[in-house]
Amino acid sequence: MLKITNLHATVEGTEILKGINLEVAPGEIHAIMGPNGSGKSTLAQVLAGHDAFTVTEGTVRYENEDLLDMAPEDRARKGVFLAFQYPVEIPGVNSAYFLRTGLNEVRKARGEEEIDAYDFLALIRAKMALVEMDESFLKRSVNEGFSGGEKKRHEVLQMAVLEPRLAILDETDSGLDIDALRVVANGVNQLHTPQNSAIVVTHYQRLLEYIVPDYVHVLMGGRIVRSGGKELALQLEDRGYDWIREETAAAAATTQPAGA
Amino acid sequence: MAADNDTISGYAAAFEGFEAALNGGARSPLHARRREAIARLQEHGLPTARFEAWRHTNPAPLASGCFAPVMTAGKLSAEAIRPFVVSAIDGPLLVFADGQFVPGLSRVSDLPDGVQVHSLSAPGSGTAAIISGNLAALTLGAEHGFAALNTAFVRDGAIVTINAGCTVDLPVQILHVSTGQAGLTTPRTLVVAAAGSRASVVETFASTTSGAGVLTSSVAEIVVGAGAVVEHTRIHLHGAESLHAGTLHVTEAQDARFTAHTFCLAGRILREDVHTVLRGEHIESTLNGLSLPLGDDHVDNYTTIEHVAPDCSSHELYKGVVGGRAHNVFRGKIHVHQAAQRTDAYQSNQNLLMSDDAEINSKPQLEIYADDVKCSHGSTTGQLDPDALFYLRARGVGLQQARGVLTRAFAGELVDRLQHEGLRNHVERLVSTRLDAVLADQGEAR
């Protein structure tokens, strides 16, 4: 489904991603963990097409197409979804309009009919129940005055409405209490099918108790330095990141060719 | 004295011709006002580029050269005015063609109780006193020379009076249509809302042509009685080449609530002077404005809120979405007299630049002579929030559509402030259509 090869990306001339390799097959859940500033959010944003980042090297194939060649809206229409770490407030645009506009664009791209206001209401009610959000949010401006937890639920709501093939959750768990975490995780798990995949970017192992990953990757210094199963997350929880940092440095020293 | 003597002597000669053709009307009280006005115009002239009030708007296209007053109204059909009439409002309607009342297209009978509408050329019984007591009373002394020009050549106009304590639910519509005859037209409106009344008046300026060579010099005067609640909406839908210099002058008595909405949607040069005077205590006054210039358009909203009495509040919000090489100017003066203690005044001007070549000037001007006041102002100018654009795109909304969504939300705040649902929907359609054109006019930007 997704194949990232030697991905390098910079922001304002500073290289953040220094050669990411990652492959995600249909139905898989991959967790990406790592200390602050390691490039986790950059990877998520590059995959969604944020133009603040410049890809300087490497390729990303998504369902056998060049993802990096697509505009952000085309990525979304083809089933890539980013749950934002910092959801944006849009004064004057209510949530219902926002959700329906996005959904209709995605439906059009799938060759489906646009959904009318009546059917949309039925759909959105079901999805809101899933993330335990009150219907009153539909009339409110997008994210304006929402609490941190409400913003994150709203992200998961959008995901549930758009039903992406590849969901990328960028620290969706940060700042959530245990109830909100359970709700968010439940939303993600409901969406998970043998065809749909997810990349879960997180700081803590906590979320992975609810969303069980097939693979865990450690991103450090702009590279994936270690990959493993879900037990790797538990190891990180116990031991932190320093041991990986040391082992990586040692490995780099031994493999460095003489004279380089 | 104006630098351009030829222009003024041209108007003086035109006035003589106008007067000679009045056929007895020269003795009317109205004509006495015209004479005062032409004398004032000859004395003070029209603005020049040296006027501080015209710092960001070159008055030459409006004030240099005499625009011959249009003396006969062009033909106007019901079909032609249909787009400009709020169909959802089945209330009083006064239609003017090139400044002259068109009874056949108007709706002035079977009016709701307590409201009277008349044309200045055929005033009804009892309105003579209202005319002589109020017409030009507010504007003859105005610094704006165009108000004198309007009064000097005014032939017709709308007079709306609302009886004390009466509530008029349906907005009164006044439609000023130019049929494209080149020269000067002088639409005129007088609204007198007696104590405790409630009313809404909508004025639309429109054109059936591009309006090349058309100068509209409009004046509206509004008298808001004690405790009266008045909403006044001006929709500028001039021809793309039209020139307009307008004056709105309002006087408010104690406990009044007045709201003005100004939508500058089309016209080559639109200058709008708004001046409201809060004369009594506990008045709440609001000025709203939305300007959507594109191409080579130039819009200048020159506003003054004068707090004369204590314990009043005023709110002002003007927004602009500016495309092409257009220029949007805002001046917001809040003048707080020494007696106007405990004034609460807030002003905000926000602009979105949709092209690299668009230009704005924003000038707050606070003159405060009282010591116990709360006055604040803010001004922002920028482009659409790139984070919000990305957010929408990440949900599948294309770039152009995302720009449209955000721009409509920005402008929508002012549309949403209209009280009457039918009017709000009408203006929303007009604004939406215009925004499409502004969004398409991005100059060299992507």
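Relevant structure appears above.
Just so you know, these numbers come straight off a predicted model, no measurement behind them.

Asks: Looking at this structure, I do not really get the overall build of chain B. What am I missing?
Replies: Per the secondary structure count, chain B includes nine helices and 20 strands. For 446 residues, the compact-globule formula gives about 22 Å, and the C-alpha radius of gyration of chain B, at 21 Å, lands near that figure. Expressed along its principal axes, the backbone C-alpha trace of chain B runs to roughly 70 × 45 × 45 Å. Out of the 446 residues in chain B, the part that is buried amounts to 60%. Pairs at least 24 apart in sequence give 85% of the contacts found in chain B among residues at least 6 apart. Within chain B, the 47 negative side-chain charges are centred at a point lying 2 Å from the centre of the 34 positive side-chain charges.

Asks: How should I be thinking about helix H6 (residues 145–153) of chain B in this particular structure?
Replies: Think of an α-helix as turning once every 3.6 residues; residues three or four places apart then point the same way. Most of H6 of chain B is tucked away: nine of the nine residues are buried. Along H6 of chain B, the residues that are buried comprise Gly145, Phe146, Ala147, Ala148, Leu149, Asn150, Thr151, Ala152 and Phe153 of chain B.

Asks: I'm lost on the packing of aromatic side chains in this one. Help?
Replies: Aromatic ring pairs are defined here through the distance separating the ring centres and the angle between the ring planes. Residues and elements named next belong to chain B. Scanning the entire structure with this criterion turns up 11 aromatic pairs over all chains. Summarising the aromatic geometry, the rings of Phe15 and Phe18 are spaced 6.3 Å apart at their centres and angled 70° between planes, so their arrangement reads as edge-to-face. Taken together, the residues Phe15 and Phe18, both in helix H1 (residues 5–20) and three residues apart, mark about one turn of the helix. Residue Phe15 is classed as buried on the basis of its relative accessible area of 5%. Of the residues examined, Phe18 reaches a relative accessible area of 5% and is grouped as buried. The residue whose ring lies beneath Arg271 is Tyr302, and the NZ or CZ to ring-centre distance is 4.4 Å.

Asks: Teacher, can you tell me more about the nonpolar core here?
Replies: Taken as a class, soluble globular proteins show a tendency for nonpolar side chains to be buried jointly. In terms of nonpolar packing, the biggest core is built from 85 residues, with Leu2 and Ile199 of chain A together with Phe263 and Val431 of chain B touching the most fellow members. With nine residues, helix H8 (residues 399–415) of chain B is the largest single contributor of residues to this core.

Asks: Looking at this model, I keep getting lost on unusual backbone geometry. Mind explaining?
Replies: Most peptide bonds take the trans configuration, and most residues that are not glycine carry a negative phi. Of note in the backbone geometry, Glu163 of chain A takes a positive phi value of approximately 45° without being a glycine. Tracing the backbone shows Glu163 of chain A in the loop between helix H5 (148–162) and strand E9 (166–170). Residue Asp98 of chain B is not a glycine yet carries a positive backbone phi of 50°. The residue Asp98 of chain B is located in the loop between strand E1 (93–97) and strand E2 (100–101) in this model. Residue classification places Asp98 of chain B among the buried residues on the basis of a relative accessible area of 2%.

Asks: What is the right way to look at the sheet that holds strand E5 (residues 65–66) of chain A in this model?
Replies: Picture the strands of a sheet paired through backbone hydrogen bonds; they go either parallel or antiparallel. Residue and element names in this part refer to chain A. The four strands are arranged E2-E1-E4-E5 in an open sheet whose pairing can be described as antiparallel. Unpaired on one side and paired on the other, strand E2 (14–24) and E5 mark the two borders of the sheet. Relative to strand E1 (residues 2–11), helix H1 (residues 40–48) is tilted by about 110°, and along the sheet it contacts E1, E2 and strand E4 (54–62).

Asks: What is the right way to look at the interface of chain A and chain B in this model?
Replies: Interface size is commonly expressed as the accessible area that is lost once the parts come together. On the side of chain B, 18 residues touch chain A, which itself brings 32 residues to the contact. Between chain A and chain B the total buried area reaches about 1800 Å² when both faces are included, carbon and sulfur atoms providing 65% of it. Between chain A and chain B we count two salt bridges in total. In this structure, Arg395 of chain B and Glu155 of chain A form a salt bridge, with 2.8 Å as the shortest nitrogen-oxygen distance. At the junction of chain A with chain B, the criterion picks out nine residue pairs in polar contact (both at pLDDT 80 or more). Elements with a minimum of two residues in the side of chain A that touches chain B: H1, helix H2 (72–77), strand E6 (80–83), strand E7 (90–94), helix H3 (95–109) and H5 of chain A. Counting residues per element, the side of chain A that touches chain B draws most heavily on H3 of chain A, which supplies six residues.

Rules of the game
Residues numbered from 1 in each chain as written. Chains lettered and ligands numbered in written order. Predicted model: local features only at pLDDT ≥ 70, side-chain atom pairs only at ≥ 80, totals over all residues. Heavy atoms only, no water. Helix = DSSP H or I, 4+ residues; strand = E, 2+ residues; numbered from the N terminus. Rg over C-alpha atoms; globule rule 2.2 N^0.38 Å. Buried < 20%, exposed > 50% of the residue type's maximum accessible area, 1.4 Å probe, protein only. Contact = heavy atoms within 4.5 Å. Lys, Arg positive; Asp, Glu negative; His and termini not counted. Charge placed at Lys NZ, Arg CZ, Asp CG, Glu CD. Phe/Tyr/Trp six-rings, centres within 6.5 Å; stacked < 30°, edge-to-face > 60°. Lys NZ or Arg CZ within 6 Å of the ring centre and 35° of its normal. Core = buried A, V, L, I, M, F, W, Y, C linked by side-chain atoms within 4.5 Å. Pairing = 2+ DSSP bridges. Axes fitted to C-alpha atoms, helices over the stretch in contact; angles between N-to-C directions. Buried area = accessible area lost by both parts, 1.4 Å probe. Salt bridge = Lys/Arg side-chain N within 4 Å of Asp/Glu carboxyl O. Polar contact = N/O pair within 3.5 Å; in protein donor to acceptor, adjacent residues only side chain to side chain.

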